[in-house]
Amino acid sequence: MSMMSTSTQGAKGLQGLKQRLNARIIGVIAALVLTFIVFTILEPQFISVDNLLEIGVQSTIIAFVALGLTFVIVTGGIDISVGSIVGLTSVICATNLAHWGTFITIIAAILIGSLLGAFNGAVSAIFNLQSFVVTLATLNLFRGIAFLYTQGRPIYNLDPGFREFFSADFGPIPKPIIFLLAFTIICFLILNRTRMGLHLKALGTNADAARRSGVNTRRSQITAFVLGGAFCGIASLMLMSRIGAAEPISGTGFELQAIAAVVVGGTSLMGGRGSIVGTVLGAILLGSIAVGLTLHNVNAFVQLVVTGVIVLGAVLTDRFATRSKVGR
Amino acid sequence: MTSMTNMPNNIIEIKGLEKHFGGVQALKGVDMQIPQGQVTAIIGDNGAGKSTLIKCISGIYELTHGEILFEGQPVKIGSPLAARHLGIETVYQDLAVLDTLSVTENLYLSREIRKGIWPFQLLNKKKMAQGAAEMMDRVGNKTILIDKEIGYMSGGQRQAVAISRAVGWGAKVIIFDEPTAALGVKESAEVANLIQRLKGQGITVIIISHNFEEVLELADLVWIMRQGKAIASRKASEVSGRDLVALLTGAESA
Amino acid sequence: MNVLTRKGLVALTAGALALTTIGAATASHAATAAKGSCAVSGAAFSTDDAVGGVQFADLTKTLGAQPKPKKGTKLGSLMKFLGNQYWIDLAAGQKTRAAKYGITVDVQAAASESDQIGQLNSMQTMLLKGYTGFLVSPQTNTNLCPAVEKAESRGKLVLNVNDGVLPGAKNWVGPNQISNGVLAAEYFIKNLPAGSEVANIQGQVGAYAAIQRTKGFVDTAKKGGLNVVAVQPGNWDVTTAQNAATDILKAHPNLKAFYADNDGMALGVVTAVGNAGLKGKVMIIGTDGIGDAYKAIKAGDLTGTVDSYPNLTGQVAVDVALRLLAGQKVPRAVYTPVALITAANVNAPAPKL
Ligand SMILES: Nc1ncnc2c1ncn2[C@@H]1O[C@H](COP(=O)(O)OP(=O)(O)O)[C@@H](O)[C@H]1O
Ligand SMILES: [Mg+2]
C-alpha cells in the first residue's frame, strides 16, 4: 500500500515496459547486424537478395519448431522430443500422402503433432513429472515408432504438387518465408494478446500462485505441449516438401537447434518470459551463421562451435543484463 | 463464553474437517463457524493448521474428511475457481501474485475481458486497464503503475495488488492470511483501515494473525487453533490479550 | 472436455486453412522439372546394374587422355559426414587430385551422420558461389534433390559420388557394391570345403549398399556350393553385429565363415568369435578397408576386408568431373576398384591412378 510514488499512471509505465522487452530483442538484432557485417566483408555475396532469401528459407524449419517450443519453455517446461515428433509425423504423412491428398495431409500433420505433444504434456501434468524426463523418454519412443512404422526405410518421391504447395516461390519470395511471417504474427498474438498466452506465462512464473489465481494449470501445461507439437507438425510438412522425402531419422537433432534459437531469442528457460519475435530472430541468426560459414567454406564442425559460443553468450548476457530481482 | 453454533447467520460452517498430508495430520477435525458480515480472527501457534484450513476453504486442498457449508448449503470447493464462484476470495500469506505479469494482468488473471469471436478472441487490454485503475482506486491506491510488472514492485505495492484483486470482484468473504506479517507500521495501519471499510460494506472478513493487539482491535470474534483443532472461540470484546495467550498455550482450557 | 475438443478442432481447421490459403496461392507455378538427376521414370537408378558401366581404368582407352581443365575451374563437393574415416579419405583424394591439376575443390559436409537438412542447406548456399560443378555424396538418395535440381537447371554439372545414389543420377562414380560380396564369397569357396556353413551380417536394412553386398555374397556362395545358414541385420553397428554373430554361433556351432557388409560390423563379429573361443576356426571378411580392419588382419583377428579405396574413389571422381566438363561422353556409371585384402597382400601398396 505504498503511497510514495508520485508519477501518474499510463505513458511512463508503458514506456518502461517496452524498453525492457526490447532490450532482449535488441541484443539479438545487434548480433544479427554484426553477423551480417562480418560475413559481408568476408563474402560480399552474403548481402545479395538471393542469399538473404536463402537464409530465410533455411531458417524456416527450425524456426517453426522453435516457435512451438517457445510456448512450452514459457511455461517453464521443455520438450526435447520435438525432433522425434517431426520424424514420426513426417513418415506417417509421407506414407499416406498419395492416399490422403494435400489438404488431409496438412490436417493430419498438425493433428499427429498435436497428439504427440498432448501425450508429453498429459504425462508430465497428470503424473507431475519433469517434462525433461518425460520428453527424454518420448524422444526415444517416438523415434522408435517411426523406425518400426517404416521398417527403417525412407519414403521417397513425394508428390510434386505437395512440394510446390509449401516450397515454391510466391512472386519473388519463397513460400516458406511467407508461412513463417504469417505464423510469427499468429504466435505473437497467442502469446501476448490471448488469455491462453497469459495463462502460459503465469504458469511458467509460479505454478502454485497461478493455480491459486484461478488458472487451470494442468490444462495450460497440456495446451503448451499441444501447441509445441502442432508446430512440429507444420515443420514436418515443410521438411517433407523441402527434401521431397521423409525418413524415420528425419528431424534428429532439431531439439538442440530449436532450444538454441529460443534461448538466443531471449526466452528464459526458467519460464515466465518469452519472446516470439526473439525466437524467430534467434533462428535466423543461427541460420545466417550457418550460411555465412558455408559461403566462407568453413568446416561444418565450426558451425557447432560457433552455435555453442553464441548460446553461451546469450545466456551470459541475459544473466548480467537483467538485474531484475525476479531473476528470469 | 458465547458459542455461535446455533446462530443462523453463519456464512461459513465447518464440520469435522480433517486434512492429512500422507502421515501428517494437519487438521484433526475442525469445527468452526464464521458469522456473516463480521470480522473473524483465527489465531494459533506456527503449525497449528491455520493456513491449511484457509486453503481448504479456498479450494486449494481437497478435504480428507468433513464438510463445509456455505450460506447453509453443503458445498464442494474443488478448485480456487470454485471458491471464487461462491464469492470467497483469499489474500494468501505469500500473496500468490505473478511476478512477470503486470498489475492489470494480475488483477484480471483468469477473469480476463476479451473481445472478438472465438477462435479470434483477444484480450481487451484497454478495458482491463480501465478496470484495473478503478480496482486500485477502490483500495485507496491511485499511484501504482498498472502496466508495470509486479516483480519490480515493493512488498507494500505487491500486497496492495493482491488485496485489490480479492476486494475488487464483489466477494462475500475475504480471507487474509497473515496480511501484516511482512509490513511496516504505516502499511499495517492501512490494511487495518481497509478491513474496517470492508466490514462497513457488509463483507465477511477472516483474518489470520499473530498480532493480538491487532486481532482484538479489528475482530468481532476470535477462534483459537491448536494442533490441528479449533479449540475455542471468544468474542473479542470479552477477552484480553492475556486470555488469548493462555488459551493458545493451553494454560486455560477451552 | 467436450468444449475443448470442439475448440481444438476449430483451431486445427483454422491452422490447416491458413496453410492451404498460402500454399494454394501459386497453383499456376506448375511443376516444370526438367529431366535431371532427381527425376525418375520407373525404377530408381541401380548403380550395379548400369547399362554400359565401365571400370575407371578403361576410361583412358575409350575416351583418350585426361583433358586439361579450364582455368578457374572450381568444384564444390558435398560429403556425407567428415567424422567418418571413409568420407575423410574420399575427400582427401578429391583434394589431392584437384591440387595436382591446379584447380580448387571446396569440400562441405553435414555436421552429423543424419543431418540431411544441414547437408542440403550447405549445397543451397554453395549454389550462390558460382562453382563450375558439384560432386555430391548425398546422405540419403533424395535429400540433396532440391539443390541438385537447381544446379542442373542452371546448367551446372552434378556428379554423384558413391552413395546415396540420386534416383535418376546422370553421372555416377563409385565402387560396384555387388562385387564386394562376390569377392568375399569367392574367397570362402576357394578356402573352405564344399557344403560349409557360412553367414552374413547385413548393413542397414533397406540401404542400397547393404542390399547389394548381401545379394552378391549370398548368390555367389550358394552357386559355389556353400551353405548360407543365416543372414542377420547388423545396421552398420558394431554392437548389433556382435550380438547377431553370437546368436548365429549358438544356433550353428559348425559355422565356418562370416561376411559382414562393413568393417565396423566385421570387428564386432571378431569379438563374438573370440568370446565363443573360436578364434582362428571361423573366417571373417569385412568391407570398406578402413585402417582398423588392416590392423586386425595383421594381428590375425580378421581374415580379410574388401577394400573399395575411398581415397582413390575421390581422385577418380575429380577425373571424371573434368572429362564431363570437357564435354566427353562418359558412361553413366564409372566403377572404382575393389580388392580383397588378406594377410597375403595386406602390406602391398594401394593401387594408384
Ligand atoms: N503441503 C503440506 N504437506 C505436508 N505437510 C504440510 C503441508 N502443509 C502444511 N503441512 C503441515 O501441516 C501443519 C499445519 O501447517 P500450517 O497450516 O501451515 O500451519 P499455520 O499456518 O498454522 O502455521 C504443519 O505441521 C505443517 O508442517
Ligand atoms: Mg501459515
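Counting from 1, residues in each chain are numbered in the order their sequence is written. All chains are assigned letters beginning at A, and all ligands numbers beginning at 1, according to the order in which they are written. Totals for whole chains, interfaces and linings use every residue, but because this is a predicted model, local features are given only for residues with pLDDT of at least 70 and side-chain atom pairs only at 80 or more, for both listing and counting. Water and hydrogen atoms were dropped before computing side-chain values, which therefore reflect all heavy atoms in the structure.

What counts as a helix is a DSSP run of H or I of at least four residues, what counts as a strand is a run of E of at least two, and both are numbered from the N terminus. Across its full length, chain A holds 12 helices and two strands. In chain A, the order of α-helices and β-strands from amino to carboxyl end is α-α-α-α-α-β-β-α-α-α-α-α-α-α. In terms of overall size, chain A behaves like a compact globule, its C-alpha atoms giving a radius of gyration of 20 Å where 328 residues would be expected to give roughly 20 Å. The principal-axis extents of the C-alpha atoms in chain A amount to approximately 70 × 55 × 35 Å. Think of it in three bands: residues with accessible area under 20% of the maximum for their type are buried, residues over 50% are exposed, and the middle band is partly exposed, with areas taken using a 1.4 Å probe on protein chains only. Across the 328 residues in chain A, those meeting the buried criterion constitute 56%. A sequence separation of at least 24 residues applies to 77% of the contacts in chain A between residues at least 6 apart. We get accessible surface area from the Shrake-Rupley algorithm with a probe of 1.4 Å; when it comes to residues, only the shown protein chains can shield them. A total of about 13,000 Å² of accessible surface is found on chain A, and carbon and sulfur atoms cover 69% of it. One finds the centroid of the 21 positive side-chain charges in chain A at a distance of 20 Å from the centroid of its 11 negative side-chain charges. Radius of gyration: C-alpha atoms only; globule rule: 2.2 Å multiplied by the number of residues to the exponent 0.38. Note on definitions: a residue-residue contact is assigned when non-hydrogen atoms from the two residues lie within 4.5 Å. Counting rule applied: Lys, Arg positive; Asp, Glu negative; His and chain ends not counted. In plain terms, the charge of a residue is placed at NZ if it is Lys, CZ if Arg, CG if Asp and CD if Glu.

Let us now look at the nonpolar core. By nonpolar core we mean a set of buried residues, namely Ala, Val, Leu, Ile, Met, Phe, Trp, Tyr and Cys, connected to one another through side-chain atoms within 4.5 Å. One finds Phe64, Phe71, Phe166 and Phe231 of chain A together with Leu19, Met123 and Phe134 of chain C to be the most contacted residues of the largest nonpolar core, which totals 97 residues. Take this core: its biggest share by element is 15 residues, from helix H3 (residues 82-126) of chain A. Ignoring anything within four residues of it in the chain, the contact list for Phe231 of chain A reads Phe64, Leu67, Gly68, Phe71, Phe183 and Cys187 of chain A. In this structure, Leu75, Ala293, Val330 and Val334 of chain C belong to the second largest nonpolar core, which totals 57 residues.

On to the site of ligand 1, then. All names here are of chain B. For this description, a residue counts as near a given molecule or strand if any of its non-hydrogen atoms is within 4 Å of it. Close to ligand 1 lie Phe21, Ala26, Asp45, Asn46, Gly47, Ala48, Gly49, Lys50, Ser51, Thr52 and Tyr61, which account for all nearby residues. Two N or O atoms form a polar contact when they lie within 3.5 Å of each other; inside protein one atom must be a possible hydrogen donor and the other a possible acceptor, and for residues adjacent in sequence the pair counts only when both atoms belong to side chains. For ligand 1, an oxygen atom lies 2.8 Å from a polar atom in the backbone of Lys50. Thr52 is positioned with one of its side-chain polar atoms (N or O) 2.5 Å from an oxygen atom of ligand 1. Out of a free accessible area of 560 Å², ligand 1 has 62% covered by protein chains. The element that contributes the greatest number of residues to the shell around ligand 1 is helix H1 (residues 50-57), accounting for three residues. Residues were grouped as follows: Ala, Val, Leu, Ile, Met, Phe, Trp, Tyr, Cys and Pro as nonpolar; Asp, Glu, Lys and Arg as charged; and all remaining residues, including Gly, as polar. Its residues placed into classes, the shell around ligand 1 shows four nonpolar, five polar and two charged.

Here we take up the packing of helix H10 (residues 254-264) of chain A against helix H11 (residues 276-295) of chain A. Packed helix pairs are specified by the crossing angle of their axes together with the interaxial distance, meaning the distance between the axes. Residues and elements named next belong to chain A. Lines fitted to the C-alpha atoms define the axes, with helices restricted to the stretch that makes contact. Angles between their N-to-C directions range from 0 to 180 degrees. Put simply, H10 and H11 touch, their axes get as near as 7 Å, and they point 120 degrees apart. As judged from the angle between their axes, H10 and H11 are oblique. Here the hand of the crossing between H10 and H11 comes out right-handed. Mapping the contact onto sequence places Gln257, Ala260, Ala261, Val262 and Val264 in H10 and Gly278, Thr279, Gly282, Ala283, Leu285 and Leu286 in H11. Here the contact of H10 with H11 is built from residues that sort into seven nonpolar, four polar and no charged. For classification purposes, angles smaller than 35 degrees are called roughly parallel, those larger than 145 roughly antiparallel, those between 65 and 115 roughly perpendicular, and all remaining angles oblique. What makes a crossing left-handed is the near helix being turned counterclockwise from the far one by less than a right angle; a clockwise turn instead makes it right-handed.

What follows is about a nonpolar patch on the surface. Residue and element names in this part refer to chain A. Patches in this entry comprise residues that are over 30% relatively accessible and not in a salt bridge; like charges within 9 Å are linked, as are nonpolar side chains (Val, Leu, Ile, Met, Phe, Trp, Tyr) within 5 Å. Salt bridge, as applied in this entry: a Lys or Arg side-chain nitrogen positioned within 4 Å of an Asp or Glu carboxyl oxygen. Taken together, the side chains of Ile29, Val33, Ile37 and Ile41 present a nonpolar region at the surface, about 370 Å² in accessible area. Checked against the element boundaries, Ile29 lands in helix H1 (residues 11-42). Residue classification places Ile29 among the partly exposed residues on the basis of a relative accessible area of 39%.

Residues and elements named next belong to chain C. Taken together, six strands build an open sheet; the order of strands is S8-S7-S9-S10-S11-S13 and the sheet is mixed. Sheet topology places strand S8 (227-233) and strand S13 (339-342) at the edges, where each strand pairs with a single neighbour. Each strand of the sheet is rotated relative to its neighbour by a mean of 20 degrees, with strand direction disregarded. Each of strand S7 (197-202), S8, strand S9 (257-260) and strand S10 (283-288) touches helix H7 (residues 208-223); the most contacted strand, S7, lies at about 170 degrees to it. At least two DSSP bridges between two strands are required for those strands to pair.

This part covers the coordination of the magnesium ion (ligand 2). Only N, O and S atoms count as donors, using a 2.8 Å limit from the metal and a wider 3.2 Å limit for Na, K and Ca, and since water is excluded some coordination spheres may look unfilled. Here the magnesium ion (ligand 2) is held by the protein donor atoms Ser51 of chain B (OG) and Gln93 of chain B (OE1), which lie 2.1 to 2.8 Å from it. Taken as a pair, Ser51 of chain B in helix H1 and Gln93 of chain B in the loop between strand S6 (88-91) and helix H3 (103-108) lie far apart in primary sequence, 42 residues in all.

Time to look at the pairing of S10 of chain C. Residue and element names in this part refer to chain C. A large share of S10 lies buried, amounting to six of its six residues. In the sheet, S9 pairs with S10 via three bridges, with the strands oriented parallel. Pairing of Ala257 across the sheet is with Met283, part of S10. Between the parallel elements S9 and S10, the chain passes through helix H9 (residues 263-275) in a crossover that is right-handed. With helix H10 (residues 291-298) bridging S10 and the parallel strand S11 (residues 304-307), this β-α-β connection has right-handed handedness. Crossover handedness is defined here as right-handed if the route from the first strand over the helix to the second strand goes clockwise, with the strands pointing away from the viewer.

Moving on: the domain arrangement of chain B. Reports of interface size often rely on the accessible area that becomes lost once the parts have come together. All names here are of chain B. Here chain B is partitioned into domain 1 (1-87 + 172-254) and domain 2 (96-171). Throughout the structure description, domain borders are defined by an automatic or database domain assignment. Put simply, the middle of domain 1 and the middle of domain 2, counted by C-alpha atoms, are 27 Å apart. Taken together, the 15 residues of domain 1 in the interface contact 13 residues of domain 2. For any pair of parts, buried area is found by adding up, for both, the accessible area (1.4 Å probe) each one loses once the two are put together. Of the roughly 980 Å² buried between domain 1 and domain 2, counting both surfaces, carbon and sulfur atoms make up 58%. When residues of domain 1 are sorted by the area they lose upon contact with domain 2, Arg84, Ile174 and Leu194 head the list and together hold 44% of the total.

Here, a disulfide means two cysteine sulfur atoms that sit within 2.5 Å of each other. One pass over the full model with this rule turns up one disulfide over all chains. Disulfide pairing is shown between Cys38 of chain C and Cys145 of chain C; the S-S distance is 2.1 Å. Its torsion about the S-S bond being -90 degrees, the disulfide of Cys38 of chain C and Cys145 of chain C is classed as left-handed. A residue pair is termed long-range when its members are at least 10 positions apart, and Cys38 of chain C in the loop between helix H1 (2-24) and strand S1 (54-55) and Cys145 of chain C in helix H5 (residues 145-153) qualify at 107 residues. Cys38 of chain C gets classed as buried once you look at its relative accessible area, which sits at 9%. The thiol sulfur of Cys187 of chain A is not disulfide-bonded, and the nearest other cysteine sulfur, from Cys232 of chain A, lies at 12 Å.

We now examine the packing of aromatic side chains. Aromatic contacts are taken between Phe, Tyr and Trp rings whose centres are within 6.5 Å, Trp giving its six-membered ring; a plane angle under 30 degrees counts as stacked, one over 60 as edge-to-face, and the others as tilted. Taken as a whole, this structure holds 19 aromatic pairs over all chains when the rule is applied. What links up through ring pairs into an aromatic cluster is the set Phe64, Phe71, Phe183 and Phe231 of chain A. Its end group placed over the ring of Tyr92 of chain B, Arg212 of chain A keeps NZ or CZ at 4.5 Å from the ring centre. Only when the NZ atom of a Lys or the CZ atom of an Arg is both within 6 Å of the ring centre and within 35 degrees of the ring normal do we say a charge sits over the ring. Above the face of the Phe45 of chain C ring, Arg332 of chain C is positioned so that its terminal group lies 3.7 Å from the ring centre.

Okay, the pattern of salt bridges next. Residue and element names in this part refer to chain B. Under the criterion given, the structure shown has 18 salt bridges over all chains. We note a salt bridge from Arg84 to Glu89, for which the minimum N-O separation is 3.9 Å. One exposure class covers both Arg84 and Glu89, and it is buried.

Residue and element names in this part refer to chain B. For cavity detection a 1 Å grid was placed over the protein atoms alone, and a set of points counts as a cavity when a 1.4 Å probe fits there but cannot get out; an open set counts as a pocket when protein lies on both sides within 12 Å along at least five of seven lines, with lining residues being those that have an atom within 4 Å of a point. Grid points are joined across faces, edges and corners, and a volume is the space filled by probe spheres set on the points. Following the criterion strictly, the structure yields three cavities of 30 Å³ or more and no others. Space inside the largest cavity adds up to approximately 110 Å³. Elements supplying a minimum of two residues to the lining of the largest cavity: helix H2 (80-86) and S6. Partitioning the lining of the largest cavity into residue classes produces four nonpolar, three polar and four charged.

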